[in-house]
Amino acid sequence: MAVNDINARGVIPGAYISLIEKDSFPEATIDQSAVTDAVYASVTLLQQGVIGVIGDVSSSWTSLSALMTSTLEIPQCSFTASAVAFSDKTQYQYFFRTIPTQVIMADVMLAFAANQGWSKVGILYTDDPIGQNFCQHAIVRASSVNMQILRYHSFSQELPQKDAASSLQSVTSGGARVIMVAATGDALTSLLLQAAEMGYLTDDYVWLLIGDVTEQLQDAVNERNANLTTAQPSTSDFPVVINGSTPIQFNETYNGLFMFDNWLALYGYDPFEKFLDSWSQLDPKALAYSCMMVMAEGFSHTIANTTNHTLGLKQLQSGDLGQYMLPPAFNVGYVGPEGPMTFDSNGDVTTAYVNSLNDNSSNYAHTCTRQKLLDL
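In this report, the structure presented in the accompanying data block is examined. Remember, predicted model here, so these are calculated numbers, not experimental data.

1. Notes on the overall build of the chain
Thought 1: Secondary structure assignment for the chain yields twelve helices and 13 strands.
Thought 2: Counting all 376 residues of the chain, 49% fall into the buried class.
Thought 3: In the chain, once contacts between residues fewer than 6 apart in sequence are set aside, the share between residues at least 24 apart is 65%.

Now the structure itself:
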């Protein structure tokens, strides 16, 4: 669909875009042969003289092709790879993406807290690249929304139960009652179980989380409650409110959670509605559509800045404009089905539409930029 739109509108005057598709993930299992196939698919695609690459299907698969495209100075846009590692321009110089990273959730949480009239927050984060980048970004951004970060502390991604209690004690003892958490999966549920046992899920606390963890947290609570032991003297270095023989009441306990996640089904947003008019039903390839459109517009703008349009087209076709194809070249003012496509120097989008889900399962829609978060 994107290719047809690009060519019908003459986005690149004097040129037509053609699409070459290659399946980098043909196997149902992930083993060495699948990796070999993915590398082979990328190599054979690049050997066909492509001037831009869209994809891949996941962060791990994308890393294989993105290293090659950056070496060859070929721009690559991904609509699924959200790993923070791709922000490293020493390795992925020509890579950009239309999907927000989890780091942007720091902007969302800070702006949300500011809108609620809260001025002080604490941060708990896992000791991995996502958590570290989240925390660093939040520290830098806090002053811009008049927020004060009282304390921040990391805990283990692999063994969260080892130091979750000390991290919780450190942040809360500093006076933090609104707590931003940069963690996912088992690390997050382990932290929240520990927080409940230590009495940090009362009405005095608010928790801001990445993603909807309701089901996962419910399962973790159920598993804990199903394996209760006879009360024993606590061996913890920290006091607990709920001991090992007392069930955690899920609905009563976890009523101070706000969970934030990317919102891609932008019903009521005109560019998205127009997209649906052309595409009969919602398709996750909306982000891939924006990749194609942004790349074509970037090519067009680059050629427009050359002194000879015909020569510029030939240089584009032969891949001789690579030095001009870094992520900032694709800041062309494009507004796609999922919002404005504006990229920072790392190729990460600076705007995201976000759902905030509170404990009452009520949805609130927000659009977040690096400057502000506004109610829609």
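2. Some words on the environment of Ala182
Thought 1: Structurally, Ala182 can be placed in strand 6 (residues 178-182).
Thought 2: Residue classification places Ala182 among the buried positions, given a relative accessible area of 0%.
Thought 3: Spatially, the C-alpha atoms of Ala182 and Ala106 are 8.3 Å apart, while their sequence positions differ by 76 residues.

3. Structural notes on the sheet that holds strand 1 (residues 53-54)
Thought 1: Spatial ordering of the open sheet is given by 1-2-3, a layout of three strands whose pairing is parallel. Among the strands making up the open sheet, the edge pair consists of strand 1 and strand 3 (95-97).
Thought 2: Note that strand 2 (residues 76-78) and strand 3 share three bridges and pair parallel. Within the sheet, the bridge partner assigned to Cys77 lies in strand 3 and is Phe96.
Thought 3: In the packing of helix 3 (residues 59-71) onto the sheet, contacts are made with strand 1, strand 2 and strand 3, and the angle to strand 2 comes to roughly 155°.

4. Thoughts on the packing of helix 4 (residues 104-115) against helix 5 (residues 129-141)
Thought 1: It is the contact of helix 4 with helix 5, at a shortest axis distance of 8 Å, that shows an interaxial angle of 45°. Between helix 4 and helix 5, the angle is such that the two are oblique. Considering only the axes of helix 4 and helix 5, their crossing is right-handed. Taken together, the residues of helix 5 that come into contact with helix 4 (itself represented by Met105, Ala106, Asp107, Met109 and Leu110) are Phe134, His137, Ala138 and Arg141.
Thought 2: Considering only residue class, the contact of helix 4 with helix 5 consists of six nonpolar, one polar and two charged.

5. Section: the environment of Tyr289
Thought 1: Along the polypeptide, Tyr289 turns up in helix 11 (residues 286-304).
Thought 2: For the pair Tyr289 and Asp5, spaced 284 residues apart in sequence, the C-alpha separation works out to 9.9 Å.

6. Describing a negative patch on the surface
Thought 1: A grouping of Asp212, Glu215, Asp219, Glu223 and Asp261 is seen on the molecular surface, where their side chains present a negatively charged patch.
Thought 2: If one sorts the elements of the negative patch by residue count, helix 8 (residues 214-226) sits on top with three residues.
Thought 3: Residue placement: Glu215 occurs in helix 8.
Thought 4: By relative accessible area, Glu215 is classed as exposed at 66%.

7. A closer look at the environment of Ala352
Thought 1: Assignment of secondary structure puts Ala352 in strand 11 (residues 351-358).
Thought 2: For Ala352, a relative accessible area of 2% corresponds to the buried category.
Thought 3: Measuring from C-alpha to C-alpha, the distance between Ala352 and Met341 comes to 9.2 Å, with eleven residues separating the pair along the chain.

8. Things to note about the side chain of Ser167
Thought 1: Among the structural elements, Ser167 can be located in helix 6 (residues 160-173).
Thought 2: Here Ser167 is in contact with Leu124, His153, Ser154 and Phe155, once residues within four sequence places are set aside.

9. A few points about the packing of helix 7 (residues 185-197) against helix 8
Thought 1: Helix 8 packs onto helix 7 with a crossing angle of 55° between their chain directions and a minimal axis gap of 10 Å. Between helix 7 and helix 8, the angle is such that the two are oblique. Judged by the sense of rotation from one axis to the other, the crossing of helix 7 with helix 8 is right-handed. Here helix 7 contributes Gly185, Asp186, Thr189, Leu192, Leu193 and Glu197 to the contact with helix 8, which in turn contributes Gln216, Leu217, Ala220, Val221 and Arg224.
Thought 2: Residue classes in the contact of helix 7 with helix 8 are distributed as five nonpolar, three polar and three charged.

10. Focus on the nonpolar core
Thought 1: Counting residues in each nonpolar core, the largest one holds 34 residues, and the members touching the most others are Leu124, Leu168, Val181, Leu191, Trp207, Leu209 and Tyr254.
Thought 2: Breaking this core down by element, the ones donating at least two residues are helix 6, strand 6, helix 7, strand 7 (206-210), helix 8 and strand 8 (257-262).
Thought 3: If one sorts the elements of this core by residue count, helix 7 sits on top with seven residues.
Thought 4: Among the nonpolar cores identified, the runner-up in size contains 30 residues, and Ile17, Met292, Ile303 and Val349 belong to it.

11. Regarding unusual backbone geometry
Thought 1: In this model, Gly55 is joined to Asp56 through a cis peptide bond whose omega is 25°.
Thought 2: Even without being a glycine, Glu73 presents a positive backbone phi close to 60°.
Thought 3: Within the secondary structure, Glu73 is located in the loop between helix 3 and strand 2.
Thought 4: Even without glycine at this site, Asn146 takes up a positive phi of about 60°.
Thought 5: Its location among the elements puts Asn146 in the loop between helix 5 and strand 5 (148-155).

Calculation notes
Residues numbered from 1 in each chain as written. Predicted model: local features only at pLDDT ≥ 70, side-chain atom pairs only at ≥ 80, totals over all residues. Heavy atoms only, no water. Helix = DSSP H or I, 4+ residues; strand = E, 2+ residues; numbered from the N terminus. Buried < 20%, exposed > 50% of the residue type's maximum accessible area, 1.4 Å probe, protein only. Contact = heavy atoms within 4.5 Å. Pairing = 2+ DSSP bridges. Axes fitted to C-alpha atoms, helices over the stretch in contact; angles between N-to-C directions. Parallel < 35°, antiparallel > 145°, perpendicular 65-115°, else oblique. Left-handed = near helix turned anticlockwise from the far one by under 90°. Nonpolar A, V, L, I, M, F, W, Y, C, P; charged D, E, K, R; others polar. Patch = residues over 30% accessible without salt bridge, like charges linked within 9 Å, V, L, I, M, F, W, Y side chains within 5 Å. Areas by Shrake-Rupley, 256 points an atom, 1.4 Å probe, with all protein chains shown as cover. Salt bridge = Lys/Arg side-chain N within 4 Å of Asp/Glu carboxyl O. Lys, Arg positive; Asp, Glu negative; His and termini not counted. Charge placed at Lys NZ, Arg CZ, Asp CG, Glu CD. Core = buried A, V, L, I, M, F, W, Y, C linked by side-chain atoms within 4.5 Å.

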